[in-house]
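Residues per chain are reported as follows:
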Amino acid sequence: MHLLKSTLQNIQEVDQEIMKEERKKVDGLLKPQGSLGVLEKIAVQLSGIYRTTDLKPLKKAVVVCAADHGIVEEGITSAPQEVTAFMTNNIIVEGKSGVGAISKTMGADIVVVDVGVNADLDNPKVISRKIRRGTNNLAKGPAMSREEAIQSIEVGIEIANTLIEEGYNILATGEMGIGNTTPSSAIIATLTGKDPIEVTGIGANLSEKKLKKKVEVIRKGLEINKPNKKDALDVLAKVGGLEIGAMAGVMIAGAQRHIPVVIDGFISTASAAIAIGLEPKIFDYLLCSHISLEKGAKIASYFLGFEPYLDMGLRLGEGSGATLNFGIIEAAINMTREMEFYSKTEIEVI
Ligand SMILES: Cc1cc2ncn([C@H]3O[C@H](COP(=O)(O)O)[C@@H](O)[C@H]3O)c2cc1C
Ligand SMILES: O=C(O)c1cccnc1
């Protein structure tokens, strides 16, 4: 608790004064004011986060947090639990995954962390911070204890702190965990007060019939656990997941160290909801990359106040969409570094 508490206590607001300065700088670039739309907004937000109008090139990493879920025993996933270990150990680490292909394109490093996979990965390329082998079935009781929820967040804080000390100046969140759209929907249903049917989707291609069961299972989980929506740790412990906690930890550490964190799809958004629930100032340090096609993603993003940049039908997870957005964020930075200013030309704006 010490690390989580002290990190939360040291989070400051983004610097509004520098953001005003950056806005002026961006308005002075040789283009009709506002014409680079969201790229301009990103540059202004980054200035507020980094506390400088001199935006630097990025050193980028996506942190893929992996864990399993007891709820899988209810038969609410299309893939068996073993896929978590297989993907984490072989495919993501070796870059043969969706996030692997995209991070190669974007020149980003992948960092893979086992926070709770239900198998011994025994792989030197995976950072082993296993808290337990998967959560409990949330339809029968709490997914984990409050202490374990805190531990999962603290793993994310520690990993992010190490990366920031190594010189990474932007992080993205990713995950691997068969079944994790279920706790994500449970979190979003709790926080928005929506019925689970409105925020529960097919995850990794669940059949219509099993989707009905998934909704029922989430309803049961909420009834049994009664998560307190005013207490984000209670929500994470009762109906969340270990990788969801770890991703929230990455966001918390980023905010405390003035480093932007790019969030991915529906599952990352559930993590963001936990992080923001613990400290609302974190919102301004997060960049919402894209809107996932998963049902509930729009509700979750708009509930939190995000304006996702891309709508491309992505619904993979792994941090794939967040990593893709490194390119957009880099374009925003290069806009401020490369473009000419009106003041240096003869052009007059009427
Ligand atoms: C081969 C494979 C690769 C994946 N990569 C990400 N996910 C995604 O699907 C899972 C969540 O969906 P659900 O809740 O329906 O299980 C997570 O692991 C997520 O990262 C995958 C899923 C599969 C099957
Ligand atoms: O949006 C996501 O993060 C997502 C959606 C479906 C399956 N896995 C991840």
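So, how was this worked out
Residues numbered from 1 in each chain as written. Chains lettered and ligands numbered in written order. Predicted model: local features only at pLDDT ≥ 70, side-chain atom pairs only at ≥ 80, totals over all residues. Near = placed C-beta within 6 Å. Helix = DSSP H or I, 4+ residues; strand = E, 2+ residues; numbered from the N terminus. Nonpolar A, V, L, I, M, F, W, Y, C, P; charged D, E, K, R; others polar. Core = buried A, V, L, I, M, F, W, Y, C linked by C-beta atoms within 7 Å. Buried ≥ 20, exposed ≤ 12 C-beta atoms within 10 Å, placed from the backbone. Contact = placed C-beta atoms within 7 Å. UniProt positions renumbered as here; feature names shortened; annotations may be inferred. Pairing = 2+ DSSP bridges. Domains from an automatic or database assignment.

(A) Main features of the site of ligand 1. The environment of ligand 1 is made up of 19 residues, and the closest members are A79, T181, G203, A204 and G317. Secondary structure elements with two or more residues in the shell around ligand 1: helix 4 (82-92), strand 4 (170-176) and helix 7 (181-192). Here the shell around ligand 1 is built from residues that sort into eight nonpolar, nine polar and two charged.

(B) Quick peek at the nonpolar core. In terms of nonpolar packing, the biggest core is built from 108 residues, with V63, V64, V113, L171, M251 and I274 touching the most fellow members. When residues no more than four places from it in sequence are discounted, the contact partners of V64 are I92, V99, I110, V111, V112, G174, E175, M176, E318 and G319.

(C) Layout of the site of ligand 2. Taken together, the neighbourhood of ligand 2 is formed by 13 residues, with G265, F266, S292, E294 and G317 sitting nearest. Of the residues belonging to the shell around ligand 2, the class tally is five nonpolar, five polar and three charged.

(D) Focus on the UniProt feature "active site" (unreviewed entry) in the protein chain. In the numbering used here, UniProt assigns the "active site" (unreviewed entry) feature to E318. Among the structural elements, E318 can be located in the loop between helix 12 (297-304) and helix 13 (320-338).

(E) Molecular detail of the pairing of strand 4. For strand 4, the tally of buried residues reaches seven of seven residues, placing the bulk of the element in the interior. Alternating positions in strand 4 separate into two faces, I170, A172, G174 and M176 on one and L171, T173 and E175 on the other, with burial throughout. With seven bridges connecting them, strand 1 (residues 60-67) and strand 4 associate as parallel partners. Residue pairing across strands places V63 opposite T173, the latter belonging to strand 4. When strand 4 meets strand 5 (residues 261-263), the two strands line up parallel, connected through two bridges. Counterpart to L171 in the pairing with strand 5 is V261.

(F) Quick peek at the domain arrangement of the protein chain. For the protein chain, the assigned domains are domain 1 (2-55 + 334-344) and domain 2 (60-326). Each partner contributes residues to the interface: domain 1 has 15 residues there, and domain 2 has 18 residues. Secondary-structure elements contributing two or more residues to the side of domain 1 that touches domain 2 are helix 1 (2-9) and helix 3 (37-50). Sorting elements by how many residues they give to the side of domain 1 that touches domain 2 places helix 3 first, with six residues. When its residues are assigned to classes, the side of domain 1 that touches domain 2 shows 10 nonpolar, three polar and two charged.

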